Amino acid sequence: METPDWKEFSRVELALSPDGLDPDLAELYGMPTFPYANLFIGLLWIYRTQLRTAQHGKFQGGRIDCQLAYSYDGWHFQRGPRDPLVSNADPGRIGAGCVLPCSLIATESEIRLYSCASAHEHAVFDEHSPQRSAILMHRLRLDGFVFLEAPSGQGRLKTRALLVQGERLSFNVQAPGGQLLVGITDADGNPIPGYGLEECLPCSADSTAWVPRWKDGARFGSLKGRAVQLELELSGGRLYAVGGDFRMLSAKEGMRYMRFGTPPDPSGWGP
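Residues numbered from 1 in each chain as written. Predicted model: local features only at pLDDT ≥ 70, side-chain atom pairs only at ≥ 80, totals over all residues. Heavy atoms only, no water.

**Student:** Help me understand the overall build of the chain, please; the structure alone is not making it clear to me.
**Tutor:** Summing up its helical and strand segments, the chain has one helix and 13 strands in all. Its helices and strands in sequence order give the chain the pattern β-β-β-β-β-β-β-β-β-β-β-β-β-α, from N to C terminus. Along the three orthogonal principal directions, the C-alpha set of the chain runs to about 75 × 50 × 35 Å. Here the chain, with 271 residues, has 39% of them falling under the buried criterion. Across the chain, the fraction of contacts at a sequence separation of at least 24, relative to all contacts at a separation of at least 6, is 63%. Surface exposure of the chain reaches about 15,700 Å², of which carbon and sulfur atoms provide 53%. When the 27 basic and 31 acidic side-chain charges of the chain are each reduced to a single mean position, those positions are 2 Å apart. (Helix = DSSP H or I, 4+ residues; strand = E, 2+ residues; numbered from the N terminus. Buried < 20%, exposed > 50% of the residue type's maximum accessible area, 1.4 Å probe, protein only. Contact = heavy atoms within 4.5 Å. Areas by Shrake-Rupley, 256 points an atom, 1.4 Å probe, with all protein chains shown as cover. Lys, Arg positive; Asp, Glu negative; His and termini not counted. Charge placed at Lys NZ, Arg CZ, Asp CG, Glu CD.)

Okay, here's the thing in structure tokens:
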């Protein structure tokens, strides 16, 4: 809920909930949230509680780690795989018991996560051993929250339709021992001359902003105003993000634009 004065409150809405993919006894403990690019990143603290016993209260003991959550409106959040984004450290090290990321800073070259961390588990105090805690920093590459990688080492994918709005098209890709090829088709999947996979100059690098080039000098900006699809072939590498001067189209937006020339809702949240 929201309030401007701590007297009047908006109605309660569900932002995020535990579900069947979460482990037993897991609780959503907290979630600092930060704007990133065109969405919101949630650093979701997962409290892996213990069964209550006569010697321990419900909230005494249990580890805390961090999962990734994301939102397009800053209000309703989703999660993908439930693997930790920031895992607990090895036993005895700071972060083994609790690691709670509470700050996200994106620099020009990396993402930094700062966490409150402790060697002991939640609310566990041992008078015979020192209570060790610290602020930890973890580093990610830009856009490094998730990536696509073919299980067999080589794979292809095609995006949904996008509306070309300018010159820029770039890829955050890690393929120093492999390669990425980029092709462009029309929105119905038909090849566009000069933009085929076989005409792309391959990327075999580790870059956060690789710009594709084609043999005959074809440029992404030459397709401005057209609805197209990107076709990618990746081998021996990881794809983290695609960026540029384009607008992703929903199925309805793509149909309206291709059939009637109706531009998509400029707010980005059209019907």
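**Student:** Please explain the packing of aromatic side chains as it appears in this structure.
**Tutor:** Working definition: an aromatic ring pair is given by the centre-to-centre distance plus the angle between the planes. Under the defined criterion, the tally for this structure stands at eight aromatic pairs. Note on Tyr36 and Phe145: the rings are 5.2 Å apart at their centroids and 90° apart in plane angle, and the pair reads as edge-to-face. Within this pair, whereas Tyr36 is found in strand 2 (residues 33-36), its partner Phe145 is found in the loop between strand 7 (133-140) and strand 8 (154-158), the two being separated by 109 residues in sequence. Take Tyr36: its relative accessible area is 12%, and that puts it in the buried class. (Phe/Tyr/Trp six-rings, centres within 6.5 Å; stacked < 30°, edge-to-face > 60°.)

**Student:** Explain the pattern of salt bridges to me, please; I cannot follow it from the model alone.
**Tutor:** Applying the stated criterion to the full structure yields 14 salt bridges. With its nearest N and O atoms 3.5 Å apart, the salt bridge here joins Glu149 to Arg238. Of this pair, Glu149 sits in the loop between strand 7 and strand 8 while Arg238 sits in strand 13 (residues 238-248); the two residues are 89 residues apart in sequence, bridging distant segments of the chain. Three or more residues are tied together by salt bridges with common partners; here these are Asp19, Asp22, Arg79 and Arg82. (Salt bridge = Lys/Arg side-chain N within 4 Å of Asp/Glu carboxyl O.)

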